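# Secondary and tertiary structure notes
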Amino acid sequence: YSAAADALLVSVQDGDGGTFAHYVSQADGGFTQVTRFEDGVDFAAFGPDAALYLVSERNAPRRQILKLAPGVRDLARATTIVPQGEDAIPINFFGEDPLCFVGKRMFVRFLAGGPTRLRAFALDGTPAGDVPLPEVAAVDEIEPLGDELLYSVETFVAPLRFYRHSGGHSTPTALAVTSPVKFDDVEVVRAFAASRDGTRVPVSIIRRKGLKLDGSHPTLLYGYGGYGVSQTPWFLGAQRRVWFDAGGVFAVANIRGGGEYGEEWHRLGMLTRKQNVFDDFIAAAELLIEDRHTQAGRLAIRGGSNGGLLVGAALTQRPELFRAVVAEVAILDMLRFELDPNGEFNVTEFGSVKDPEQ
């Protein structure tokens, strides 16, 4: 509900494929439909000026921000205030809003292949500067706090902490996750693997500083690749501390099917293009071997749910490439998944046996 607009905004999601429709309440208690599933609007929010701000992928696969003037409910009358750029605005899949308003500023989260960028804009879309962040970090939550922005920061080697941002400056708050372990001796390296079709696939490699690249290290590669869900940095915690102490390497592949580069990156890894996801992951595994982090006999892969399908397919297609595979709650029977109550709404991502092409 927006007090400025005196209206209720309702979002409806169509299955798990990442399409949404939006409705706004009327004075008589009814609702006006502002966007439909086919319009490509992923997110909507009222601003402090009672205008409606929309994140759209229509003709902009990395997404852009549109604006409807106060009281206007016709999408055709929207103006583009933040056009598509090099980085992608993330999909609002888990309720993590891509933008929020603080005073007369709009703060927007962007993805640069996995890591987050956080930028400020005036309400007309004029850029107003970036919020400083670590190089490989995730910002999953942004909230208005009076005339300040409250935002979270998390990295592979530092636990989540909230910061206040005001007047161009950020200060840490007492809202922080503590950890019994530290990663001062661990570094994060961003590399790129070449997939079968030549696509550059980002890979975050987390390792002990000064690690000797001689192919001897046990290495665990993680991936997901579906639903537009991006693998942003998360704090690895005590379990991985033990892994690094034992000489291990941990890697995360930002493969197609996710949203690390926007909706096109997602769509290139869904439905009949799912093989791209497996090719990207296999390329990441080959990169870890080629750059002498590990060898096939010491390489393990892990994924859950859609990621379980990923590692199952990777094992099936390239069994000689891996020593161990962990498939958690994996979706593996792709001919029958849609017959289950938990599977039917996934046809927007995986396709259906009822469609001959799929």
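Residues numbered from 1 in each chain as written. Predicted model: local features only at pLDDT ≥ 70, side-chain atom pairs only at ≥ 80, totals over all residues. Heavy atoms only, no water.

### Some points on the packing of aromatic side chains
Scanning the entire structure with this criterion turns up 12 aromatic pairs. With centroids separated by 5.5 Å and ring planes inclined at 65 degrees, the aromatic side chains of Phe-156 and Trp-234 adopt a geometry described as edge-to-face. Of the two residues, Phe-156 sits in the loop between strand S13 (148–153) and strand S14 (161–166) while Trp-234 sits in the loop between strand S18 (219–222) and helix H1 (237–245), which places them 78 residues apart along the sequence. Assessed through its relative accessible area of 1%, Phe-156 is described here as buried. Taken together, a centroid distance of 4.9 Å and an interplanar angle of 75 degrees make the contact between Tyr-261 and Trp-265 edge-to-face. Judged by relative accessible area, which is 27%, Tyr-261 ranks as partly exposed. By way of ring pairs, the aromatic residues Phe-156, Tyr-222, Trp-234 and Phe-250 are connected into one cluster. Over the ring of Phe-192 we find Arg-200, and its NZ or CZ is 4.1 Å from the ring centre. (Phe/Tyr/Trp six-rings, centres within 6.5 Å; stacked < 30°, edge-to-face > 60°. Helix = DSSP H or I, 4+ residues; strand = E, 2+ residues; numbered from the N terminus. Buried < 20%, exposed > 50% of the residue type's maximum accessible area, 1.4 Å probe, protein only. Lys NZ or Arg CZ within 6 Å of the ring centre and 35° of its normal.)

### A closer look at the nonpolar core
Val-203, Leu-221, Ile-255, Phe-281, Ile-301 and Phe-322 are the most contacted members of the largest nonpolar core, which totals 35 residues. At the level of elements, strand S16 (186–194), strand S17 (200–208), strand S19 (249–253), helix H3 (275–290), strand S20 (299–304) and helix H4 (306–317) are the ones that each hand at least two residues to this core. Per-element accounting of this core gives the leading share, 9 residues, to H3. Counting residues in each nonpolar core, the second largest holds 16 residues, with Ala-45, Ala-51, Val-55 and Ile-65 among its members. (Core = buried A, V, L, I, M, F, W, Y, C linked by side-chain atoms within 4.5 Å.)

### Considering a negative patch on the surface
On the surface, Glu-96, Asp-97, Glu-141 and Glu-143 cluster together to form a negatively charged patch. With respect to the secondary-structure elements, Glu-143 resides in strand S12 (residues 142–145). Since its relative accessible area comes to 34%, Glu-143 is described here as partly exposed. (Patch = residues over 30% accessible without salt bridge, like charges linked within 9 Å, V, L, I, M, F, W, Y side chains within 5 Å. Areas by Shrake-Rupley, 256 points an atom, 1.4 Å probe, with all protein chains shown as cover. Salt bridge = Lys/Arg side-chain N within 4 Å of Asp/Glu carboxyl O. Lys, Arg positive; Asp, Glu negative; His and termini not counted. Charge placed at Lys NZ, Arg CZ, Asp CG, Glu CD.)

### Observations concerning the sheet that holds strand S7 (residues 79–82)
The 4 strands are arranged S4-S5-S6-S7 in an open sheet whose pairing can be described as antiparallel. At either margin of the open sheet sits one strand with a lone partner, and together these are strand S4 (41–46) and S7. Between one strand axis and the next, the sheet turns by 30 degrees as a mean value, whatever way the strands run. Across 3 bridges, the pairing between strand S6 (residues 64–68) and S7 is antiparallel. (Pairing = 2+ DSSP bridges. Axes fitted to C-alpha atoms, helices over the stretch in contact; angles between N-to-C directions.)

### Focus on the packing of H3 against H4
What describes two packed helices is the angle between their axes and the distance between those same axes. It is at 10 Å that the axes of H3 and H4 come closest, and there the two elements cross at 70 degrees. In this view, H3 runs roughly perpendicular relative to H4, as classed from their interaxial angle. Counted together, Gln-275, Val-277, Phe-278, Phe-281 and Ile-282 of H3 and Leu-309, Leu-310, Val-311, Ala-313, Ala-314 and Gln-317 of H4 form the full contact between these two elements. Of the residues belonging to the contact of H3 with H4, the class tally is 9 nonpolar, 2 polar and no charged. (Parallel < 35°, antiparallel > 145°, perpendicular 65-115°, else oblique. Contact = heavy atoms within 4.5 Å. Nonpolar A, V, L, I, M, F, W, Y, C, P; charged D, E, K, R; others polar.)

### Focus: the sheet that holds S19
Spatial ordering of the open sheet is given by S16-S17-S19-S18-S20-S21, a layout of 6 strands whose pairing is mixed. Sheet topology places S16 and strand S21 (324–328) at the edges, where each strand pairs with a single neighbour. Mean inter-strand twist for the sheet, computed between neighbouring axes without regard to direction, equals 20 degrees. Examined bridge by bridge, S20 and S21 share 5 bridges and lie parallel to one another. Paired with Gly-303 across the bridge in S21 is Ala-327.

### What to know about the environment of Phe-244
Position of Phe-244 relative to the elements: it lies in helix H1. Measuring from C-alpha to C-alpha, the distance between Phe-244 and Ile-91 comes to 33 Å, with 153 residues separating the pair along the chain. Apart from residues lying up to four places away in sequence, Phe-244 is in contact with Phe-183, Val-186, Ile-206, Arg-207, Arg-208, Leu-236, Val-249 and Phe-250.

### Looking at the pattern of salt bridges
Tallied over the entire structure, the rule returns 22 salt bridges. Across the pair Asp-279 and Arg-196 runs a salt bridge whose closest N-O atoms are separated by 3.6 Å. A residue pair is termed long-range when its members are at least 10 positions apart, and Asp-279 in helix H3 and Arg-196 in the loop between S16 and S17 qualify at 83 residues. You can call Asp-279 buried: its relative accessible area is 10%. Residue classification places Arg-196 among the exposed positions, given a relative accessible area of 68%. For Arg-318, the salt bridge is made with Glu-320, and the minimal N-O distance between the two is 2.5 Å.

### Description of unusual backbone geometry
The backbone of Tyr-227 sits at a positive phi, close to 65 degrees, despite the residue not being glycine. With respect to the element layout, Tyr-227 can be found in the loop between S18 and H1. Residue Tyr-227 is classed as buried on the basis of its relative accessible area, which comes to 4%. Unusually for a residue other than glycine, Arg-292 sits at a positive phi of about 70 degrees. With respect to the helices and strands, the residue Arg-292 is situated in the loop between H3 and S20. Judged by relative accessible area, Arg-292 falls into the partly exposed class, the value being 43%.

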